[in-house]
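# Structural overview for review
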Amino acid sequence: MRKNRRYWEASADAYQTQHGPQLSRLGRWGTWGIPERRVRALGDVRGLDVLEYGCGAAQWSIWLARQGARAVGMDLSAGQLAHARTLVARARVPVRLVQADAERAPFADRSFDLVMCDHGAMSFADPYRTVPEAARLLRPGGRLVFNIASAWHFVCWENETDRPSDRLQRPYFGMRRWDEETVDFQLPYGEWIRLFRRNGFAVEDLIELRPSPSARTTYPWFAPLAWARRFPAENIWAVRREG
Ligand SMILES: C[S@@+](CC[C@H](N)C(=O)[O-])C[C@H]1O[C@@H](n2cnc3c(N)ncnc32)[C@H](O)[C@@H]1O
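Reference entry: report on the structure contained in this document. What you see is a predicted model, and the numbers here were worked out from it, not measured in a lab. (Residues numbered from 1 in each chain as written. Predicted model: local features only at pLDDT ≥ 70, side-chain atom pairs only at ≥ 80, totals over all residues. Heavy atoms only, no water.)

### Quick look at the side chain of glutamine 80
To keep things clear, this is the line we draw: Per the convention used, a helix needs a DSSP run of H or I reaching at least four residues, while a strand needs a run of E reaching at least two, with both numbered from the N terminus. Under the scheme applied here, a residue whose accessible area is under 20% of the maximum for its type counts as buried, over 50% as exposed, and between as partly exposed, the area being computed with a 1.4 Å probe on protein chains only. Should any heavy atoms of two residues lie within 4.5 Å, those residues are counted as being in contact.
Mapping glutamine 80 onto the fold places it in helix 4 (residues 78–91). Take glutamine 80: its relative accessible area is 4%, and that puts it in the buried class. When residues no more than four places from it in sequence are discounted, the contact partners of glutamine 80 are Trp8, Ala12, Tyr15, Gln16, Gly56, Ala57 and Asp75.

See below:
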């Protein structure tokens, strides 16, 4: 947590300068900016209490508020939240912003109908803490929907070239914590499913994002387009809190 906070405090300004133009096209998922109207992971959010779990500059929260949700953007980094405050004020939408760690979110049990993020806290905090925490925060029937790098991306990542290759680079079994510039988390698919079920979630979908042949990105290092057309580089889990 400390390493990630340091990283995001140090890089918030540069990150928003580089990626702000792509992220300002609201309501789009992931490194290739695939529109929610095509992906349909969130459904109708009108009237819902929604928590963006690691919101960065809150571009998704602004979009959610525009769709009629009561949106709360939460992030670990004061630097990221400073950008969020500017964008929220500019957008003139009612988004509440909170600085907190997703592993210990400062909200009462059953405060939200939807907890979501796009390469947010579900990528940078330990799922063995965030999945129970999301279960606590959600009302029965509420949904946890998040986009993260895929397990394929993890096992194919080649340190020498700093990009995913078409060969397996590391074991799939045992993946959990990846300590590099940031500390990232990833689990084998079966472990995700067992973790969801142990915390009262039913799996609704695993949406493997595939960019179009002409997709562009401000995150070119994440995966070459040709790779991401052949293998899922990122995927959205959608799970529902049972009664
Ligand atoms: C890649 S940004 C995601 C935000 C936005 N969707 C985007 O793509 O820019 C990752 C965000 O997660 C936040 N984050 C990392 N660890 C966190 C934690 N434990 N709790 C809350 N936020 C966290 C970082 O501060 C950062 O703003």
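Moving on from the coordinates now.
### What to know about the site of the ligand
The criterion, for reference: Throughout this document, a residue counts as near a molecule or strand when at least one of its heavy atoms sits within 4 Å of that molecule or strand. Polar contact is the term for a pair of N or O atoms within 3.5 Å; when the atoms are in protein, one must be able to donate a hydrogen and the other to accept it, and sequence-neighboring residues count only if both atoms are side-chain atoms. Here the open area of atoms and residues is found with the Shrake-Rupley method and a 1.4 Å probe, where only the protein chains shown may cover a residue.
Of all residues adjacent to the ligand, which total 18 residues, the nearest are Tyr15, Asp75, Gln80, Asp101 and Ala102. Between a nitrogen atom of the ligand and a main-chain N or O atom of leucine 76, the distance comes to 3.3 Å. Between the ligand and the protein, one listed contact pairs a nitrogen atom with a side-chain N or O atom of aspartate 101 at 2.9 Å. Calculation on the ligand without its partners gives an accessible area of 580 Å², and the protein chains cover 96% of this total. It is helix 1 (residues 2–23) that contributes the most residues to the shell around the ligand, 3 residues altogether.

### Here we look at the sheet that holds strand 13 (residues 234–241)
Formally: Note: two strands are recorded as paired if DSSP finds a minimum of 2 bridges between them. Where helices are involved, their axes are fitted lines through C-alpha atoms of the stretch in contact, as for all axes, and angles between N-to-C directions lie from 0 to 180°.
Within the open sheet, the 7 strands sit side by side as 5-4-3-6-7-13-12. Their pairing is mixed. Across the chains shown, the open sheet's two edge strands, defined by having one partner strand only, are strand 5 (95–99) and strand 12 (201–208). Neighbouring strand axes in the sheet, compared pairwise and without regard to direction, differ in orientation by 15 degrees on average. Bridge count for strand 7 (residues 138–149) against strand 13 is 7 bridges, and the pairing is antiparallel. Its bridge partner lying in strand 13, valine 145 is registered against alanine 238.

### Overview of the nonpolar core
Our working definition: Working definition of a nonpolar core: buried Ala, Val, Leu, Ile, Met, Phe, Trp, Tyr and Cys residues. They are joined through side-chain atoms within 4.5 Å.
One finds Trp29, Leu42, Tyr53 and Leu144 to be the most contacted residues of the largest nonpolar core, which totals 77 residues. Apart from residues no more than four positions distant in its own chain, leucine 42 is found in contact with Trp29, Glu36, Trp60, Trp63, Leu64, Leu114, Met116, Arg143 and Val145.

### Some details on the environment of cysteine 55
For cysteine 55, the position within the fold is in the loop between strand 3 (49–53) and helix 3 (59–66). Exposure remark for cysteine 55: the relative accessible area of 5% places this residue in the buried category. As for cysteine 55 and valine 98, which are separated by 43 residues in sequence, their C-alpha atoms are 9.6 Å apart. Residues contacting cysteine 55, with those up to four places away along its chain left out, are Ser61, Gly73, Met74, Asp75, Leu81 and Leu97.

### Quick notes on helix 6 (residues 127–137)
Those residues of helix 6 that fall on the buried side of the exposure criterion are Pro127, Thr130, Val131, Glu133, Ala134, Ala135 and Leu137. Two or three places before tyrosine 128, at the start of helix 6, stands the capping residue aspartate 126, its side-chain oxygen 2.9 Å from that residue's backbone nitrogen.

### Section: the packing of aromatic side chains
Put simply, the rule reads: The aromatic pairing rule takes the rings of Phe, Tyr and Trp, using the six-membered ring of Trp, and pairs them if the centres are within 6.5 Å, calling planes under 30 degrees apart stacked, those over 60 edge-to-face and the rest tilted.
Enumeration over the complete set of coordinates arrives at 22 aromatic pairs. Residues phenylalanine 154 and tryptophan 178 carry aromatic rings whose centres are separated by 4.8 Å and whose planes lie at 75 degrees to one another, so their mutual orientation is edge-to-face. Taken together, the residues phenylalanine 154 in helix 7 (residues 151–156) and tryptophan 178 in strand 10 (residues 177–179) connect sequence positions 24 residues apart. Here phenylalanine 154 falls in the buried class, since its relative accessible area comes to 8%. By relative accessible area, tryptophan 178 is classed as buried at 17%. Aromatic side chains tryptophan 221 and phenylalanine 222 sit 6.0 Å apart centroid to centroid with 75 degrees between the ring planes, which places their arrangement in the edge-to-face category. According to the relative accessible area criterion, tryptophan 221 is partly exposed, its value standing at 45%. An aromatic cluster is defined as three or more aromatic residues linked by ring pairs; in this entry it consists of Phe146, Tyr172, Phe173, Tyr189, Trp192, Phe196, Phe201 and Trp237.

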